[in-house]
Amino acid sequence: MKKTFFLALACLFLMSGMVFAQEGEEAKKAEGYQLYFGEVTEVMDEGKFTEILVKNELHGEEGLEEVYLYVDEALIVDLATGELVEEHSFTKGEKIQYFFKDNTPVMQSLPPKLSPDVVAIHLDEAQFSLDVDHFDGEGRGVSNRLVINVADDTVGQNVKGEEVKDVLDKDLAVLYTVATRSLPPIATPDKILVLEDKNGPVSLFDFRAPMEKGFYLRKYYEALGATVEWNQQYREISITMGEKSVAIMILKPQLQMGDEKRILENFTVEDGISYISQEDVERINDYLLK
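Residues numbered from 1 in each chain as written. Predicted model: local features only at pLDDT ≥ 70, side-chain atom pairs only at ≥ 80, totals over all residues. Heavy atoms only, no water.

**Focus: the overall build of the protein**
Logical step 1: Across its full length, the protein carries three helices and 23 strands.
Logical step 2: In the protein, which comprises 290 residues, the share counted as buried stands at 46%.
Logical step 3: Here the analysis covers contacts within the protein between residues at least 6 apart in sequence; of these, 57% occur between residues at least 24 apart.
Logical step 4: Surface accessibility of the protein: about 15,600 Å² in total, with carbon and sulfur atoms responsible for 48%. (Helix = DSSP H or I, 4+ residues; strand = E, 2+ residues; numbered from the N terminus. Buried < 20%, exposed > 50% of the residue type's maximum accessible area, 1.4 Å probe, protein only. Contact = heavy atoms within 4.5 Å. Areas by Shrake-Rupley, 256 points an atom, 1.4 Å probe, with all protein chains shown as cover.)

**Some thoughts on the sheet that holds strand S23 (residues 273–276)**
Logical step 1: Sheet architecture is open: three strands sit in the order S16-S23-S22, paired in antiparallel fashion. Across the chains shown, the open sheet's two edge strands, defined by having one partner strand only, are strand S16 (215–216) and strand S22 (268–270).
Logical step 2: Sheet analysis places S22 next to S23, joined by three bridges and oriented antiparallel. Counted as the bridge partner of Val269 is Ser274 from S23. (Pairing = 2+ DSSP bridges.)

**Concerning the pairing of strand S15 (residues 191–194)**
Logical step 1: In terms of strand pairing, strand S11 (residues 156–158) meets S15 through two bridges, oriented parallel. Each residue of the ladder has a partner; that of Asn158, found in S15, is Val194.
Logical step 2: Two elements, strand S13 (residues 170–176) and S15, share four bridges in a ladder whose sense is antiparallel. Across the sheet, residue Leu172 finds its bridge partner in S15, namely Val194.

**Observations concerning the side chain of Thr154**
Logical step 1: Summarising the element assignment, Thr154 is placed in the loop between strand S10 (147–148) and S11.
Logical step 2: Thr154 gets classed as buried once you look at its relative accessible area, which sits at 19%.
Logical step 3: Polar side-chain contacts of Thr154 include one of 2.8 Å to the backbone nitrogen of Ala151.
Logical step 4: Not counting the four nearest positions on each side in its chain, Thr154 is found in contact with Lys165 and Ile192. (Polar contact = N/O pair within 3.5 Å; in protein donor to acceptor, adjacent residues only side chain to side chain.)

**What about the nonpolar core?**
Logical step 1: In this structure, Leu217, Tyr221, Ile237, Ile239, Ile248, Phe267 and Ile284 are the most contacted members of the largest nonpolar core, which totals 26 residues.
Logical step 2: If you list the elements that add at least two residues to this core, you get helix H2 (217–223), strand S18 (236–241), strand S19 (244–249), strand S20 (254–257) and helix H3 (278–288).
Logical step 3: Apart from residues lying up to four places away in sequence, Ile239 is in contact with Leu217, Tyr221, Ala226, Thr227, Lys244, Ser245, Val246, Ile248, Ile284 and Leu288.
Logical step 4: Ranked by size, the runner-up nonpolar core spans 17 residues in total, among them Ile52, Val67, Leu69 and Ile76. (Core = buried A, V, L, I, M, F, W, Y, C linked by side-chain atoms within 4.5 Å.)

**Quick look at the sheet that holds S11**
Logical step 1: Spatially, S9-S13-S15-S11-S12 is the arrangement adopted by the five strands of the open sheet, whose pairing is mixed. Pairing within the sheet leaves two strands with one partner each, and these edge strands are strand S9 (129–135) and strand S12 (163–164).

**Concerning the packing of aromatic side chains**
Logical step 1: Taken as a whole, this structure holds eight aromatic pairs when the rule is applied.
Logical step 2: Between the aromatic rings of Tyr36 and Phe100, the centroid separation amounts to 5.8 Å while the plane-to-plane angle is 10 degrees, which identifies the pairing as stacked. Residue Tyr36 is found in strand S1 (residues 33–45), and its partner Phe100 is found in strand S6 (residues 95–101); the two are separated by 64 residues along the sequence. Accessibility classification places Tyr36 together with Phe100 in one group, the buried group.
Logical step 3: Three or more aromatic residues link up through ring pairs in this structure, and these residues are Tyr36, Tyr98 and Phe100.
Logical step 4: Lying over the aromatic face of Tyr70, Arg208 brings its terminal NZ or CZ to 4.2 Å of the ring centre.
Logical step 5: Over the ring of Tyr216 we find Lys219, and its NZ or CZ is 4.4 Å from the ring centre. (Phe/Tyr/Trp six-rings, centres within 6.5 Å; stacked < 30°, edge-to-face > 60°. Lys NZ or Arg CZ within 6 Å of the ring centre and 35° of its normal.)

**Focus: the confidence of the model for the protein**
Predicted coordinates in regions of low pLDDT should not be interpreted in detail.
Logical step 1: The share of residues in the protein with pLDDT of 70 or more is 85%, and the mean pLDDT across the chain is 86.
Logical step 2: Segment residues 14–28 is flagged for pLDDT under 50; beyond a separation of four residues in sequence, or across chains, it makes 16 contacts in the model. (pLDDT = per-residue confidence, 0-100.)

**Quick notes on the pattern of salt bridges**
Logical step 1: One pass over the full model with this rule turns up 12 salt bridges.
Logical step 2: With a closest N to O distance of 2.9 Å, Asp171 and Lys101 form a salt bridge. With Asp171 in strand S13 and Lys101 in strand S6, this residue pair connects regions lying 70 residues apart in the sequence. For the residue pair Asp171 and Lys101, the accessibility class agrees, reading buried in each case. (Salt bridge = Lys/Arg side-chain N within 4 Å of Asp/Glu carboxyl O.)

Set out below in structure tokens:
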């Protein structure tokens, strides 16, 4: 029965998105969020990061039948309690609901890989329904899955638990228990979580390379605002932020940070593209950003 309910809800969300996709030029200015329901079929926890393979029940706009999700940086919402969960161990066979922004990079591996923004758990014991979207000044989600009633005294909270009084025209995770049968449904939120601006902190996991190669060095550091340069004469890469700089010697390969030198175990260059491990990124960031 509960599975049928969630499948029906997913169909309603997808249908409402198509019905109202042509409405509102203003809504198109903001990015919406994709919604999927799925079942965890494999869990890979290597200590460095957690990756789960999910078989989706509905394929949505992206047509993702199966997908690998990097879940370490996702917000985990418990639909049984309506609370954020700091740590959660995913298990094979677990049902989840997840959301990712329309402009989220999707790695074209088989199956594809991506980093979701929000993952909902405990669907079988759910006391709340959840939608994640950008809600405009009138409370309409730009993905046209939900409209929310917001009163003058409605408040939300951010991921730190701090009160946010102005909740409209923002990216929100909305928990609710009752909604109309209209398309899209209209609901009065039980709880509103105001999400961080996606133009804010850069996530390393958005720059993961395929085939277990690590992460794209240049793309990641340029997104951070660093200058990445190649010195053909010395065969080295320099990464500069402000007054600090590090160098990576390609032939060894070796990392130099000030007076310290360190061998890079998992650094590779293929077809002019440099790939670096999470451990080495953390070492470089400890030097450049602190």
